[in-house]
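# What the coordinates show
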Amino acid sequence: MEIHSNALKAAKKIKLVIFDVDGVLTDGGIYIGAKGELYKPFYCRDGLGISLAHKYGLQTAIITGRKSEQVAFRAKELGICHVFQGNSDKRSAYDELKERTGLKDEQIAYIGDDLIDLPIMLQVGLPMAVADAEESVRAQSLVVSGKNGGHGAVRELLEFIFKVQGKWEDIMADFLLPDSFSENKNWKQ
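The rules behind each value
Every chain's residues receive numbers from 1 upward, in the order its sequence appears when written. Per-residue local features are limited, in this predicted model, to residues with pLDDT of at least 70; the limit for side-chain atom pairs, both in listing and counting, is 80 or more; totals at the level of whole chains, interfaces and linings are taken over all residues. Neither water nor hydrogens contribute to the side-chain values; these are computed over all heavy atoms in the structure. Any residue under 20% of the maximum accessible area for its type is buried, any over 50% is exposed, and the rest in between are partly exposed; the area is computed with a 1.4 Å probe on protein chains only. Working definition: helices are DSSP H or I runs of at least four residues, strands are E runs of at least two. Numbering for both runs from the N terminus. By this definition, two strands are paired if DSSP reports at least two bridges between them. A residue counts toward a patch only above 30% relative accessible area and without a salt bridge, and it is joined to like-charged neighbours within 9 Å or, for Val, Leu, Ile, Met, Phe, Trp and Tyr, to nonpolar neighbours within 5 Å. Surface accessibility in these figures is a Shrake-Rupley result with a 1.4 Å probe; residues are shielded only by whichever protein chains are displayed. Note on definitions: salt bridges are taken to be side-chain nitrogens of Lys or Arg within 4 Å of carboxyl oxygens of Asp or Glu. Joining through side-chain atoms within 4.5 Å is the link that ties buried Ala, Val, Leu, Ile, Met, Phe, Trp, Tyr and Cys residues into a set, and such a set is a nonpolar core. Whether two residues are in contact is decided by their heavy atoms, any of which lying within 4.5 Å being enough.

### Describing the pairing of strand S8 (residues 126-129)
Sheet faces and side chains relate simply in a regular strand, where the side chains alternate between the two faces. Every second residue of S8 is oriented toward a common face, with Leu126 and Met128 on one face and Pro127 and Ala129 on the other, all of them buried. Inspection of the sheet shows strand S7 (residues 108-112) paired to S8 by 4 bridges, in the parallel sense. When the sheet's bridge partners are listed, Ala109 is paired in S8 with Leu126. Relative to strand S9 (residues 143-144), S8 is paired through 2 bridges, and the arrangement is parallel. Paired with Ala129 across the strands is Val144, a residue of S9.

### Re a nonpolar patch on the surface
A contiguous nonpolar surface patch, about 280 Å² in accessible area, is contributed by Met1, Ile3 and Leu8. Secondary-structure assignment places Met1 in the segment before strand S1 (2-3). Classification of Met1 by relative accessible area gives partly exposed; the value is 44%.

### Examining the nonpolar core
Core analysis: the largest hydrophobic core is formed by 55 residues, its most contacted members being Val17, Ile18, Leu126, Met128 and Ile161. Sorting elements by how many residues they give to this core places helix H7 (residues 153-164) first, with 8 residues.

### Quick notes on the environment of Glu156
Along the chain, the position of Glu156 falls in helix H7. Sequence-wise, Glu156 and Lys12 are 144 residues apart; in three dimensions their C-alpha atoms are separated by 16 Å. Not counting the four nearest positions on each side in its chain, Glu156 is found in contact with Met1, Ser145, Gly146 and Lys147.

The following block contains the structure:
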């Protein structure tokens, strides 16, 4: 993982993490069946990371350029309540999201992978990228995952925020202490 010197200070302020979908929550491939049906491979460890974010006080959102039922289904399954699809210019969705949440730029992180993500990444307090992101996107990021999109990058970047915010020990305790784990049987992946 690549961490810029300003990343720790920025991560302490984060209250909302926004995800792109294709190339971030998925591997960026577009899988089409024989009858035109669309498939998107989501990574289950990223899903658990998102569930942990909700439990430990981080809001999450999706802003994606494409529109698909699979994204709506996965977002609902994980409890991501702010979902913006079909936004080739993501700035209007970002402005609406800030209005809905009342948060300021410095309280928001964005995880992206391609040029379409840059306008928002230049506004947020903590721009982040997956390892296989386009070069310009990596260059604008304060944190770059060591993992590719759709292969645990989201989880790794969320864990970075958890650790900086001092939440990681509590998260681990939930899984290592038998009483805590039995109370939390419904983890979403």
